Amino acid sequence: MKLSNRAKNIAQSEIRAMSILCNEKNGLNMAQGLCDLEVPLPVLEGTKEGIDSGKNVYTSAYGNYKLRAAIAKKQNDFYDQGVDADNVLVSLGAPGAFYATAMSLLNEGDEVILFEPYYGYHVATLKSIGCKIKYIRTTPPAYEIDFQNLKDQISEDTKAILICNPSNPSGKVYTREELENLSEIINQNDLFLFSDEMYEHFIYDGLEFVSALSIESLKEKTVVISGFSKIYSITGWRLGYAITQKEIIDAASAFNDLIYVCPPAPLQNGVLKGLNELPKSYYDNVATQHQKKRDKFIKALNDAGLSAEYVKGAYYVLADISKLEGEDDKQKVVNLLEKTGIAAVPARAFYQDSEGINLARFCFSKKEEELDVAIERLKNLQ
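Conventions used here
- Residues numbered from 1 in each chain as written.
- Predicted model: local features only at pLDDT ≥ 70, side-chain atom pairs only at ≥ 80, totals over all residues.
- Heavy atoms only, no water.
- 1 Å grid on protein atoms, 1.4 Å probe; cavity = no way out; pocket = protein on both sides within 12 Å on 5 of 7 lines; lining within 4 Å.
- Points joined across faces, edges and corners; volume = space filled by probe spheres on them.
- Helix = DSSP H or I, 4+ residues; strand = E, 2+ residues; numbered from the N terminus.
- Nonpolar A, V, L, I, M, F, W, Y, C, P; charged D, E, K, R; others polar.
- Buried < 20%, exposed > 50% of the residue type's maximum accessible area, 1.4 Å probe, protein only.
- Expected span 1.5 Å × (residues − 1).
- Contact = heavy atoms within 4.5 Å.
- Pairing = 2+ DSSP bridges.
- Axes fitted to C-alpha atoms, helices over the stretch in contact; angles between N-to-C directions.
- Polar contact = N/O pair within 3.5 Å; in protein donor to acceptor, adjacent residues only side chain to side chain.
- Disulfide = S-S within 2.5 Å.

Considerations on empty space enclosed by the protein
Here is step 1 of the chain: In total, this model carries 2 cavities of 30 Å³ or more according to the counting rule given.
Here is step 2 of the chain: Put simply, the largest cavity is a space of about 140 Å³.
Here is step 3 of the chain: The set of elements that each furnish at least two residues to the lining of the largest cavity consists of β3 (111–116) and β5 (158–164).
Here is step 4 of the chain: Its volume calculated, the second largest cavity comes out at about 70 Å³.
Here is step 5 of the chain: Looking at the second largest cavity, it is lined by 13 residues, and the ones nearest its centre are Lys74, Glu200, His201, Gly227 and Ile231.
Here is step 6 of the chain: Its residues assigned to classes, the lining of the second largest cavity comprises 7 nonpolar, 3 polar and 3 charged.

Quick look at the structure:
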């Protein structure tokens, strides 16, 4: 039996591979963005109410209408973007929302520009639907974009640009000026923007988060992708959404129906209750708590000789692993797991060509006791 050409383009992610190896070694998993913190009580109560009241049948392929309206309300409460329920699609996680909207907007052979370091699932999704990808490397430590180079790289095949804001894995938070620069390029070349804003509430040092849909000249050109996995600590529930023009939402709902039918009905009920009842202070507290985790863990990395910058957003940090034994980034993180019991992700998961890039990604969204264990284990490297 011969596998399809599509299957040849898809492989197990380095993130999941390291998680599997970590489990085999009974290690501490700082590779995968598990976010295994407490689920907010209203979310749990709403889910139980959904199960107890018999919410067991299909919802709309667009998602529960009340949930779509609540997502729109939250977006407007935080960013005043004037969206409504018709601009929202609920899917199986942010990857589901991205897949459904990408299938609606991109044809086989279309080119999409991604910035390195990138999130691997974006690449895998685009490859699976036959898109070409052009990689543009950003410059650390702020992971700045060379906008002139970006302009030069646009071809007649280019149809879209994709950003992750805040970035997984670099922690970059896009400024309003950067988004306006992107808007100018997008409008000049009749492109559109995918903006993955999953980590919108994980912002540090008093920075402002600017959603792409808050840039007036991007409103007609943008698909925002986000979800609840991280902010509500429900990574296994697989509930995400897209916000964009109604015409795109209508088309994407058909792909959503074809692949997923609908998101799980009682889980949608839980998230709806969370959106309706959790105050703004909840989201602020998540950022405050994670900034404390960031500060203590990144200090420990630097103390251990794994140089790292204090990221501005999300809950990952790329650390320099040059001092570790091994011929390349993969061997180095495996040796780190063997020596300390800590699993991290090698740079090859985030770069098309990681040769000479001695970086590893650590996830610091852990329970306090787990973070303290990791910090103690890092002392073995000093």
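Right, picking up where we left off after that structure.
Looking at unusual backbone geometry
Here is step 1 of the chain: At the junction of Pro140 and Pro141, the peptide bond is cis and its omega measures out at 5° in the coordinates.
Here is step 2 of the chain: Among the structural elements, Pro141 can be located in the loop between β4 (132–137) and α7 (147–153).
Here is step 3 of the chain: The omega angle of the peptide bond from Asn168 to Pro169 is 25°, so this bond is cis rather than trans.
Here is step 4 of the chain: Residue placement: Pro169 occurs in the loop between β5 and α8 (176–188).
Here is step 5 of the chain: Located in the positive-phi region is Arg238, a residue other than glycine, with phi close to 60°.
Here is step 6 of the chain: Note on placement: Arg238 falls in the loop between β7 (222–227) and β8 (240–243).
Here is step 7 of the chain: Judged by its relative accessible area of 30%, Arg238 falls in the partly exposed class.
Here is step 8 of the chain: Even without glycine at this site, Val261 takes up a positive phi of about 70°.
Here is step 9 of the chain: One can find Val261 in the loop between α9 (246–259) and α10 (265–277).
Here is step 10 of the chain: A residue is classified by how much of its surface remains accessible, and Val261, at 34% relative accessible area, is partly exposed.

Let's talk about helix α11 (residues 280–303)
Here is step 1 of the chain: With 24 residues, α11 extends 35 Å between its outermost C-alpha atoms, agreeing within 8% with the 34 Å of an ideal straight helix rising 1.5 Å per residue.
Here is step 2 of the chain: Among the residues of α11, Tyr282, Tyr283, Val286, Ala287, His290, Lys293, Arg294, Phe297, Ile298, Ala300 and Leu301 are the ones counted as buried.
Here is step 3 of the chain: Of the surrounding secondary structure, the elements contacted by the buried residues of α11 are α4 (65–79), α10, β9 (316–320), β12 (359–363) and α13 (368–378).

Description of the sheet that holds β12
Here is step 1 of the chain: Spatially, β9-β12-β11 is the arrangement adopted by the 3 strands of the open sheet, whose pairing is antiparallel. Because the sheet does not close on itself, it has two edges, and the strands there are β9 and β11 (345–346).
Here is step 2 of the chain: Where β9 meets β12, 5 bridges bridge the pair, whose relative direction is antiparallel. Bridge pairing in β12 places Asp320 opposite Leu359.
Here is step 3 of the chain: Where α11 meets the sheet, its contacts fall on β9 and β12, and the angle it forms with β9 comes to roughly 10°.

Let's talk about the sheet that holds β8
Here is step 1 of the chain: Spatial strand order, β2-β8-β7-β6-β5-β3-β4: 7 strands in an open sheet with mixed pairing. At either end of the open sheet lies a strand with only one pairing partner, and these are β2 (88–91) and β4. Across the sheet, the axes of successive neighbouring strands diverge by a mean angle of 20°, strand direction being ignored.
Here is step 2 of the chain: Where helix α6 (residues 120–128) meets the sheet, it contacts β3, β4, β5 and β6 (192–196), and its direction lies at approximately 155° from that of β4.
Here is step 3 of the chain: Across the sheet, α9 touches β2 and β8, and the angle it forms with β2 is around 15°.

Some details on the environment of Ser253
Here is step 1 of the chain: Within the secondary structure layout, Ser253 lies in helix α9.
Here is step 2 of the chain: Separated by 153 residues in the primary sequence, Ser253 and Ala100 place their C-alpha atoms 7.2 Å from one another.
Here is step 3 of the chain: Once residues lying within four places of it in the same chain are set aside, the contact partners of Ser253 are Ala61, Tyr62 and Leu89.
Here is step 4 of the chain: Within the structure, Ser253 has its side chain in polar contact with the backbone oxygen of Asp250 (distance 2.7 Å).

Focus: the layout of surface pockets
Here is step 1 of the chain: In this structure, the largest pocket spans a volume of roughly 670 Å³.
Here is step 2 of the chain: Elements that contribute at least two residues to the lining of the largest pocket include exactly α2 (14–24), α5 (93–105), α6, β5 and β6.
Here is step 3 of the chain: With 5 residues, α5 is the largest single contributor of residues to the lining of the largest pocket.
Here is step 4 of the chain: Within the lining of the largest pocket, the residues separate by chemical class into 18 nonpolar, 9 polar and 5 charged.

Things to note about the state of the cysteines
Here is step 1 of the chain: A complete count under the given rule lists 0 disulfides for this structure.
Here is step 2 of the chain: Here Cys164 is not disulfide-linked; the sulfur of Cys363 is the nearest cysteine sulfur, at 14 Å.
Here is step 3 of the chain: Among the residues examined, Cys164 registers a relative accessible area of 10% and is labelled buried.

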